[in-house]
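The chain contents come next:
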Amino acid sequence: MEEKQEQVVSMPRIGDPAPAFKAVTTQGEINFPADYKGEWVILFSHPADFTPVCTSEFMTFASMEKQFDQANCKLVGLSVDGLYSHIAWLRTIKEKIEYKGMKDVEVKFPLIEDITMNVANLYGMIQPGEDNTKAVRAVFFIDPKGIIRTIIYYPLSLGRNFDEIYRVLVALQTADQFGIATPADWRPGDDVIVPPAGSCGSAKDRMDAKEDDMHCYDWFFCTKKLDKEKVLDAVLKK
Ligand code: BEZ
């Protein structure tokens, strides 16, 4: 059943509800983001099937799918190619490509066909200064309530860092679970930043209420320990 979707060009922002759409994928139809309520989902675009940077990215992301699933996060890909191109490309990857120790890689997450560019335009993935007819490498992190929490864009020539994408997911979940912020280059086990003044009373209140394991570099910059085990326990499925 083919449902007509209006062509809307928009540029969603952090904090916005993820724009809703229905689409055909390599794993059947999806109703986004409703189908992912209660879990995190990363919606990401690539410029074109059968291209080298995208192939290296898909092999890497597919190899990490279990790791993302453990952190309650599903993956959904998109390009403005058609379904049969997607299927042929993913089959080629599985049957023929051996790259950096990865082989026989099966992409099990859905890959949206978007030949009309409806979804790509709805998510601001077509950025004409880069390319009029291909999606840039966009990454949207959408939380269990369907809110966009982080957006990263890369140009056509630059393959993504999937360790960073996983780090962002874990940092977002850690911030939500523990009411903290994460400093530059944070990884689980590193100290975290206690909420800045304004979000939990005055600076004086905060200095007075200083916990034992808190370290203040100045009134506006305090950190505390957060064990790696506590982070992993909160983020990873049991
Ligand atoms: C690539 O994935 O290799 C690629 C795709 C589109 C433009 C440039 C590179």
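**Q** Just to check I follow, could you spell out the site of the ligand for this structure?
**A** Surrounding the ligand, one finds Pro47, Thr51, Pro52, Val53, Cys54, Arg137 and Leu156. Side-chain polar atom of threonine 51 to an oxygen atom of the ligand: 2.9 Å apart, as the coordinates give it. In the environment of the ligand, an oxygen atom lies 2.7 Å from a nitrogen or oxygen atom belonging to the backbone of valine 53. For the ligand, whose free accessible area comes to 270 Å², the fraction covered by protein is 79%. Among the elements that line the shell around the ligand, the one with the most residues is helix H1 (residues 52–63), at three residues.

**Q** Where do I start with the pairing of strand E1 (residues 21–25) in this structure?
**A** Across a regular strand the side chains alternate sides, sitting on one face of the sheet and then on the other. Covered by surrounding structure in E1 are Phe21, Ala23 and Thr25 only, the residues Lys22 and Val24 on the alternate face being uncovered. Pairing of E1 with strand E2 (residues 28–32), which is carried by five bridges, proceeds in the antiparallel orientation. Across the sheet, valine 24 pairs through a bridge with glutamate 29, a residue of E2. Between E1 and E2, which follow one another and run antiparallel, lie two residues.

**Q** Any chance you could explain H1 here in plain terms?
**A** Helical geometry note: an α-helix holds 3.6 residues per turn, so side chains three or four residues apart project in the same direction. The end-to-end C-alpha distance of H1, which contains 12 residues, comes to 17 Å, matching closely the 16 Å that a straight helix rising 1.5 Å per residue would cover. Every buried residue belonging to H1 is among Cys54, Thr55, Ser56, Glu57, Phe58, Met59, Phe61 and Ala62, and all of these are buried.

What counts as what
- Residues numbered from 1 in each chain as written.
- Predicted model: local features only at pLDDT ≥ 70, side-chain atom pairs only at ≥ 80, totals over all residues.
- Heavy atoms only, no water.
- Near = heavy atom within 4 Å.
- Polar contact = N/O pair within 3.5 Å; in protein donor to acceptor, adjacent residues only side chain to side chain.
- Areas by Shrake-Rupley, 256 points an atom, 1.4 Å probe, with all protein chains shown as cover.
- Helix = DSSP H or I, 4+ residues; strand = E, 2+ residues; numbered from the N terminus.
- Buried < 20%, exposed > 50% of the residue type's maximum accessible area, 1.4 Å probe, protein only.
- Pairing = 2+ DSSP bridges.
- Expected span 1.5 Å × (residues − 1).

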